[in-house]
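Geometric and topological summary
The primary structure of each chain is shown beneath.
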Amino acid sequence: MPDEIINPANVTRDMLMGYFEKAYFETALDDKGSLFIQDKFRVYIDIGKKKSNIAYGVYFNLKEGTLLSDAVEYANTINKELIQVKAIASEKVITIEYDVWIEGGASVKNLIA
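Analysis parameters
- As a convention, each chain's residues are numbered from 1 in the sequence order in which they are written.
- In keeping with the model being predicted, local features are shown solely for residues with a pLDDT of at least 70 and side-chain atom pairs are shown and tallied solely at 80 or more, while totals for entire chains, interfaces and linings include all residues.
- Excluding hydrogens and water, the side-chain figures rest on all heavy atoms present in the structure.
- In this description a helix means any DSSP run of H or I spanning at least four residues, a strand means any run of E spanning at least two, and both kinds are numbered starting from the N terminus.
- The buried label applies to any residue whose accessible area, calculated with a 1.4 Å probe on protein chains only, is under 20% of its type's maximum; exposed applies above 50%, and partly exposed to all values in between.
- Any two residues having at least one pair of non-hydrogen atoms within 4.5 Å are treated as being in contact.
- In this description, accessible areas are obtained by the Shrake-Rupley approach with a 1.4 Å probe, and a residue is regarded as covered only by the protein chains that are shown.
- In this tally, Asp and Glu contribute negative charge and Lys and Arg positive charge; neither His nor the terminal groups of the chain are included.
- Working definition for charges: the position is that of NZ of Lys, CZ of Arg, CG of Asp or CD of Glu.
- We treat two strands as partners when DSSP finds at least two bridges between them.
- A fitted line through C-alpha atoms represents every axis, and for helices the fit uses only the stretch in contact; the resulting angles, taken between N-to-C directions, go from 0 to 180 degrees.
- One speaks of a salt bridge when a side-chain nitrogen belonging to Lys or Arg is within 4 Å of a carboxyl oxygen belonging to Asp or Glu.

1. Considerations on the overall build of the chain
Check the secondary structure of the chain and you find 3 helices and 8 strands. Overall, the chain is about 45 × 30 × 25 Å in size when its C-alpha atoms are taken along their principal axes. Within the chain, buried positions represent 34% of all 113 residues. The contacts of the chain with a sequence gap of at least 6 include a subset with a gap of at least 24, amounting to 47%. Accessible surface, the chain as shown: approximately 7700 Å² in total, 52% of it carbon and sulfur. Of the side-chain charges in the chain, 13 are positive and 17 negative, and the distance between the mean point of each set is 2 Å.

Right, here's the structure in full:
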């Protein structure tokens with residue numbers, strides 16, 4: 001399994017779910033059919049529209065009354081200081097995303113480690 005290669009031609013949600021289950025992660029699908037793993041946080045795993053990447057996303061609900069400007073400032077701080085992730089702020093949620101590019105191929109080990 002670790003040496004297997006995932007690329008845009010072969011990647012599917014069910015394939016990813018199987019690999020994470022083989023690595024002993026608790027996986028599930030939400031009511032919209034989105035794959036997530038449950039660890040300390042719920043991490044959503046999505047295949048990019050062009051199948052060139054796999055995105056990991058974690059959503060944090062903001063405390064009621066949080067100003068959008070404060071959420072944006074926090075997201076910008078994350079974006080400046082943590083180069084490999086991106087933060088997106090909205091009125092109620094901050095999303096942290098990390099992309100793994102699979103165009104040209106990526107090993108299963110790189111996706112799960």
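Let us keep going from here.
2. Some remarks on unusual backbone geometry
Even without glycine at this site, Tyr24 takes up a positive phi of about 70°. Take Tyr24: it is sitting in the loop between helix H1 (13-22) and strand S2 (26-29). On the basis of relative accessible area, Tyr24 is assigned to the exposed category, the value being 78%. Of note, the phi angle at Lys51 is positive, near 60°, even though the residue is not glycine. When you line up the elements, Lys51 lands in the loop between strand S4 (42-47) and strand S5 (53-61).

3. Remarks on the sheet that holds strand S3 (residues 35-38)
Reading across the sheet, the 6 strands line up as S2-S3-S4-S5-S7-S6 and stay open at both edges, with antiparallel pairing between neighbours. Among the strands making up the open sheet, the edge pair consists of S2 and strand S6 (86-89). On average, adjacent strands in this sheet sit at an angle of 30° to one another, irrespective of strand direction. The sheet strands contacting H1 are S2, S3, S4 and S5, and the helix crosses S2 at an angle near 155°. Packed on one face of the sheet, helix H2 (residues 68-81) meets S6 and strand S7 (93-101) and runs near 175° to S6.

4. Focus on the environment of Lys109
With respect to the secondary-structure elements, Lys109 resides in helix H3 (residues 108-112). Along the primary structure Lys109 and Glu4 are separated by 105 residues, whereas in three dimensions their C-alpha atoms are 8.1 Å apart.

5. Topic: the environment of Asn7
By secondary structure assignment, the location of Asn7 is in the loop between strand S1 (5-6) and H1. As for Asn7 and Lys92, which are separated by 85 residues in sequence, their C-alpha atoms are 34 Å apart. Aside from chain neighbours lying at most four places away, what touches Asn7 is Ile102 and Gly105.

6. What about the pattern of salt bridges?
In the structure shown here, the tally under the stated rule is 3 salt bridges. Taking the shortest distance from any N to any O, the salt bridge between Glu97 and Lys86 comes out at 3.5 Å. Highlighted residues: Glu97 in strand S7 and Lys86 in strand S6, separated in sequence by 11 residues. Asp99 serves as the salt-bridge partner of Lys86, at 3.6 Å between the closest nitrogen and oxygen. Of this pair, Lys86 sits in strand S6 while Asp99 sits in strand S7; the two residues are 13 residues apart in sequence, bridging distant segments of the chain. With a relative accessible area of 37%, Lys86 lands in the partly exposed category. When salt bridges that share partners are traced, they join Lys86, Glu97 and Asp99 into one network.

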